[in-house]
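Structural characterization, general
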Amino acid sequence: MTVSDPKHDVPEGAREKDQITTDPSNPSERMRAGSMTLTLAPWVIATVVLIFLPMFFTNNSTLTIMNQMSITIVFALAYNMLLGQGGMLSFGHAVYAGVGGFACMHIMNMSDFFETIPLVILPVFGGLFGMGLAMIVGSFSTRSAGTVFAMISLGVGELIAACSVIIVAFFGGEEGISGDRTYAQPFFGVEFLQQIEVYYLTIAWLVISAALMYLWSRTPVGRMANAVRDNPERAQFLGYSARWVRYYSFIASGFFCGIAGGLFAINYEILTEENLNTASSGVILLVTFLGGVGFFFGPIIGAIAFTLLQTVLSLSTELWAFYAGTLFVATVMFFPGGLAGLIMMHVPAFKLGKASGLVMPYIKTLLPGAIGLLGLAALVEMTFHFRHAATGDVEMTLFWTTFNSHEVLPWIIAGAVTVIGLGIAKVTAPSLKEAWNEANTAGGAS
Amino acid sequence: MSTPALELTGLKKSFGKAEIIRGIDLSIGKAERHAIIGPNGAGKSTLFNLITARFAPTAGTVKLHGENLAGLEPFQINRKGLSRSFQITNIFPAMTVFENVRCALLWAQGYKYSFWHLVNSKRDLTEGAEAILDQINLLERRNLPAGTLSYAEQRALEIGITIAGGADVIMLDEPTAGMSNTETDYITDLILKVTAGKTLIMVEHDMGVVFGLADRISVLVYGEIIATGAPADVRADARVQEAYLGAALEAEH
Amino acid sequence: MDLILVNLIDGLVTGLLLFMLSAGLTLIFSMMGVLNFAHASFYMLGAYFAYQISLALGFWMGLLIAPIVVGVLGAGVERYGLRRVHQYGHVPELIFTFGLALLIEEMVQFVWGKNQMAYSVPEVLNFTAFAISGNSIPAYKIFMIFTSIAIFIGLLYILTKTRVGMIIQAALSYPRTVEALGHNVPLIFMGVFGVGTALAGLAGVIAGPVLGTFPGMAFVLGSIVFVTIVIGGLGSLWGALVASLLIGWITTFAKSYNIEMEDVLNSIGISTPENLSDSVFRDFWSLTSPQIADILPYILMVLILIFRPAGLFGKRQS
C-alpha cells in the first residue's frame, strides 16, 4: 500500500474534533497535571458506582446481568486492543477467551490443586492460557495486518471451534466441561456461594483489567501499536519492527481475553463449544464496533448497551438477532465511530458552551423518529406473527396491548405511527442540522 | 582515510527486465553533506530505497560505517544509525505533532518494546521531544494532529522525526519538493541547523538548495553516476551539462 | 477403483459448486480489494428465491430468474452500501459485509422461517444417469457439472475475448487510467459485483435441491469459500478453480475412506501407547479422516498462509 499525502487522508470530522479537544496554548506541565486528575476521575467514579450498585439492584438476576456485562466489557476491551489500537481485524477471537475459560474449568476440576488456591486468582490462569495460545497463533498470523491477518484468524478460529467436538478430553465434546467454583480455598472466609460475592470478584477483575489495558495504551509498545496501525512503514524507519509490535499487542490481547474467559468460567461454571465458535467471535466484534473502536471507552459503552439491549429485547421478541443485525449494519454505514464517536462529536459544542442549544432540536427530531421506528418495529413484528404463528393463533401482544393480527385496524395504527413519526423527524431534521452547525461555530449570540 | 559513513559497491537493481540501478559505487565520508541530483526517472528514489532496504538489491553491497547491511530489515538499519525521510510526506497524521516526535524518540532512548514504562511520565521523552520541536519551530503546534499542519510544516515535522532518533547518517528524499521559495529557504536553513555534524545524503531537484547545502554532489543518470565531486567541478563537467540539457529537452518533447 | 471414480465425480460436483462461488468472490476481491463476507448469503438467497419462483413457475424459470434477482440485489448492495462504507477504509468494509451476512440470514429466517424448504430436483432430472458397480450417479449431478463448466467457459470467454472483458481486466489493475479513458469505473465495479453475486445466486439455485435450502446454508459454505480463494491466491481465477477442485476432492475422499490416525501413526513407526484410554492424547489417536474432513480445508489454509502467504496462484500481497 502506498501512503498518500496525509493532508488528504484525514477525514474532515476527525480533524476538527481533535483540533478542539486539544488546547495548543496550554503549557505542557499544566497539561500533564490536568490530565492526571481528568483521567483518574472517571475511574474513581466508575469504581464507586460499581461497588454501590448492588444496594439498588438486589435481586440475583440483575447481578447476573451485571456480571455478564462486566465479562463482556473485559472481552471487548481486549478485542479492541487489536481492532482499535492495532488495526487488526480478528474473526476468531472467541477462542482465546474460550481456551482460557476451558483451562480454568479444568483447574476447577483438579481438586487437589484447586483446593490450594483462592478462587480470586483463577482468572490469571485463564489469562496465561489465552496468552499462550496467542503466542503460538500470533507467531505466524501477525506478520501482516489487513486481509491476511483476518483470514488466518478466521481459519484458526474455525479450526479450534471444530476441534471442540473432536478433542473431547479437553473440550468435553457437546456437553462441554463443568465444575464447581466453591471447592477453591476460601478467600478470607468467602466461599463464593452467593451471587453477590461473585459480583464483587468480577468487578474487581473488571477494574483491574480495564486499568491495565488503559495503562498499556500509554506505554511505548502501546503507543507504537497506534503508530504501526496508521503507518507501518514509517514505524519501521523509526527502529520498530511492525511485526513485533503487532505480536506484542496480540499476546496482550490474548491475555485479557483469557481473563474474560476465566471470569466466565467462575460465573457460569460451564463452558461449551458455544464459547469458541464464530458466532461468539462475531458478537464481540459487533459489541466493540457498536461502542466505537476509536476511543478507549468505546467498547465499554458498547458492552453495556449491547447487554442491556440483549436482555430487554431477547425477553420481548423472537426477532432480537434481526434487530441487532440491522443496528450493526446501520452503525457501520452511518456511524463508523460507534456510540463513543457520537458522544465525542458533542465535545466541541460543550467546550463552546452551546450544547444546551441542541436539546430542543434533538427532542423535536429524535423523539418522533424513535416513535416512528417503534411503529416500524411493530409492523415487522406483526408481519412475523402473521406469517409464522401457528394456524388459528391470531392474538398477539405488543407494547402491552393484545390484539388480533389478522384485523386491519392494528396495521393501520402501526402504519400511521410509522409514517407520522418518521415524517415529523424528516421535517424537523433541517432545523436540527442548523442548530448543530450553530452549536459548533465559535462566537455568535450565546 | 577513516571508514566512510556510507559506502556503495556495485549496487544494482532490476525490476523484471528493466535495470533501474546499473552498478553504483559511491563513498560518502563522515559529516559530509552529499546531494544526489539527476533528471526524473534516473533512479534517485530507488537508490534511496535500496540503501534503506525498502527494496532488496539485485547485486552489490551497502556498507554503513564499514558494516555490510545485506539482509537487514529497515528497522534494523535504522537502529544502526541511519534514518531517512520520504519523498511523499510520511508521518502519523492522526497523532499529535508532539506524539509524532515522541514515537521517533522511543527506540533511541532505549524504551524498545517496553510495557512497563508510561510514556507520559517520562521526562526524558517529553523534554527530548520538546527540544526537537523547538529546533523545527513547531513547539506551538505540539498538540495539533499532524495531518492538520500546512504542507511545509508537515515537511519540517518529517525532518524532525527523521533526526529525532539521533541517527548520524540522515537521508532526505526531496525535502523541498512542491514548496514556495520562502518555504524552501526556511527548510534549507532548518536542514543546515539540524544536521550539523552529521552525515547528510539528500536527493533534491532545487539546484539552489543543492549548491547551497552540499559539500559534494553526485549526478545520477539512467541508473549510473556520471560525475561526483565538489559543486563547482560538477557544474563544469561537460557530461553533466549534456545529460541535464539532453534530458531536459527530452522531457519537454 | 470404481469407488475412486464415484468419489472423483462427487468431488468434482462439490468443487465446481465451490468454484461458482469463489470465482465471483475472487473477481470482486481483485477489483475492490475487499473480501465479501456476505457472498455465500447471496448463494442462499439464490436458493430461496428459486424455491419461491419454482412454486409458481417451475424449476427452470427459477433457474433463469433467481440469479438475475440476486444479481440486481447485489448491485444494489454495492451501490448503496459498500460504496458508502468504502470511504472509511478496508476494515469497516470487511465489517460491513460481515454484518450484512448476519442480517441476510436473519431476514431469510424472518421471511421463510427456520425450517428447511421443500425445494427439490425437477422431475425431468430425477433419474439415475448411470451406475458404477452399484453406485448410482443421479442425472442432476451431471447437470450440475455441465452447468458449472458452461459458466466457467462463458466467464473465461467474456473476460479474455470481449471488449467488456478487456475493460474489466484493465479496470482491475489500473482503475484511474481506465476512468481517465472515459469509462465509468464505478459502474463497472457495480456490474462486476452484480455478476459475481448473480453467479453465487445461480450456485444456490442448483445446489439448493441437493444440499438443502435452510437458513444455515450460507454459514455452512461461507467460510469454505473464503478458504478456497485464500488457498488459490486472492484475485486469481485459475487459483480459485484449482483450489475449489482440490477442496472438493480432499473432503470427498476424506469422508469416504475411513483412515484412522492410529494406522497412520503406526505405519510411520510410532507405536500405540499401552493404556491409550488413560492418555491425554487418546482423542488424537482415535481421529478418523471423516471426522476431520470438514476442517481439512482450514488446516490447508493456515498452512498455505504460513508458508506461501500469497496462495497457490497469488501474485500480489495485500
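Given the structure is predicted, the values throughout are model-derived calculations rather than measurements.

Criteria and thresholds
- Residues numbered from 1 in each chain as written.
- Chains lettered and ligands numbered in written order.
- Predicted model: local features only at pLDDT ≥ 70, side-chain atom pairs only at ≥ 80, totals over all residues.
- Helix = DSSP H or I, 4+ residues; strand = E, 2+ residues; numbered from the N terminus.
- Rg over C-alpha atoms; globule rule 2.2 N^0.38 Å.
- Buried ≥ 20, exposed ≤ 12 C-beta atoms within 10 Å, placed from the backbone.
- Contact = placed C-beta atoms within 7 Å.
- Pairing = 2+ DSSP bridges.
- Right-handed = clockwise from strand over helix to strand, strands pointing away.
- Core = buried A, V, L, I, M, F, W, Y, C linked by C-beta atoms within 7 Å.
- Axes fitted to C-alpha atoms, helices over the stretch in contact; angles between N-to-C directions.
- Parallel < 35°, antiparallel > 145°, perpendicular 65-115°, else oblique.
- Left-handed = near helix turned anticlockwise from the far one by under 90°.
- Nonpolar A, V, L, I, M, F, W, Y, C, P; charged D, E, K, R; others polar.
- Expected span 1.5 Å × (residues − 1).
- Bend = angle between axes of the 7 residues up to and from the residue.

We now examine the overall build of chain A. Scanning chain A from terminus to terminus reveals 20 helices and four strands. The globule rule puts the C-alpha radius of gyration for 446 residues at 22 Å, and the 24 Å found for chain A is close to it. Overall, chain A is about 70 × 70 × 45 Å in size when its C-alpha atoms are taken along their principal axes. Burial statistics for chain A: of 446 residues in total, 43% are counted as buried. For chain A, the share of sequence-separated contacts (at least 6 apart) that also reach a separation of at least 24 residues comes to 80%.

On to the pairing of strand β7 (residues 169–173) of chain B, then. Residues and elements named next belong to chain B. With five of five residues buried, β7 lies mostly within the body of the structure. Across the two faces of β7 the burial is the same, with Val169, Met171 and Asp173 and Ile170 and Leu172 all buried. Judged from the three bridges that link them, strand β6 (residues 82–84) and β7 form a sheet pairing that is parallel. The partner of Ser83 across the bridge, within β7, is Ile170. In the sheet, β7 pairs with strand β8 (residues 199–203) via five bridges, with the strands oriented parallel. Within β8, the position partnered with Ile170 by the bridge is Leu200. Chirality of the crossover, the property in question, places the unit of β7, helix α6 (residues 181–194) and β8 among those that are right-handed.

For the rest of this paragraph, the subject is the nonpolar core. Counting residues in hydrophobic clusters, the biggest one holds 265 residues, and the most contacted among them are Val74 and Ala260 of chain A. Those residues in contact with Val74 of chain A, other than ones at most four positions away along the chain, are Trp205, Leu206, Ser209, Phe256, Ile259, Ala260 and Leu263 of chain A.

Let us look at the interface of chain C and chain A. Residue-level contacts link 39 residues of chain C with 35 residues of chain A. Among the elements of the structure, α3 (59–86), α4 (90–112), α9 (217–232), α12 (282–285), α13 (289–292) and α14 (296–307) of chain C are those that each provide at least two residues to the side of chain C that touches chain A.

Further remarks concern the packing of helix α2 (residues 39–57) of chain C against α4 of chain C. Residue and element names in this part refer to chain C. Close contact between α2 and α4 brings their axes to 9 Å; oriented N to C, the two are set at 20 degrees. One finds that α2 runs roughly parallel with respect to α4. As α2 runs across α4, the sense of the crossing is left-handed. Counting all contacts with α2, which are made through Ser41, Met44, Leu45 and Tyr48, the residues of α4 involved are Leu100, Ala101, Ile104, Glu105, Val108 and Trp112. Residues that form the contact of α2 with α4 fall into these classes: eight nonpolar, one polar and one charged.

What follows deals with the interface of chain B and chain A. In this assembly, 42 residues from chain B lie in contact with 38 residues from chain A. If you list the elements that add at least two residues to the side of chain B that touches chain A, you get α2 (74–79), β6, α3 (97–106), α4 (123–135) and α5 (151–164) of chain B. Top contributing element to the side of chain B that touches chain A by residue count: α2 of chain B, with four residues. Residue composition of the side of chain B that touches chain A, by class: 21 nonpolar, 15 polar and six charged.

Residues and elements named next belong to chain C. Burial within strand β1 (residues 128–132) is sparse, with just zero of its five residues counted as buried. Pairing between β1 and strand β2 (residues 135–138): four bridges, direction antiparallel. Paired with Ile132 across the two strands is Asn135, which belongs to β2. The antiparallel pairing of β1 with β2 creates a hairpin that spans two residues between the two strands, and Ser133 there sits at a positive phi of about 40 degrees.

Right, let's talk about α3 of chain C for a bit. Taking 1.5 Å per residue, 28 residues should reach 40 Å; α3 of chain C reaches 38 Å between its end C-alpha atoms and fits that length. Glu78 of chain C marks where α3 of chain C bends most, by close to 35 degrees. Restricting attention to buried positions, one finds in α3 of chain C the residues Phe59, Gly62, Ala66, Pro67, Val70, Gly71, Gly74, Ala75, Val77, Glu78, Leu82 and Val85 of chain C. Among the structural elements, α16 (320–334) of chain A together with α2, α4 and α8 (185–211) of chain C are those in contact with the buried residues of α3 of chain C.

Residues and elements named next belong to chain B. Overall, mixed pairing links the six strands, which are arranged β6-β7-β8-β3-β9-β10 in an open sheet. Looking at strand neighbours, the two that pair on one side only are β6 and β10 (224–229), the edges of this open sheet. Taking the axes of each pair of neighbouring strands and ignoring which way they run, one obtains an average angle of 15 degrees across the sheet. Here α5 sits on the sheet and contacts β6 and β7; the angle it forms with β7, its principal contact strand, is near 155 degrees.

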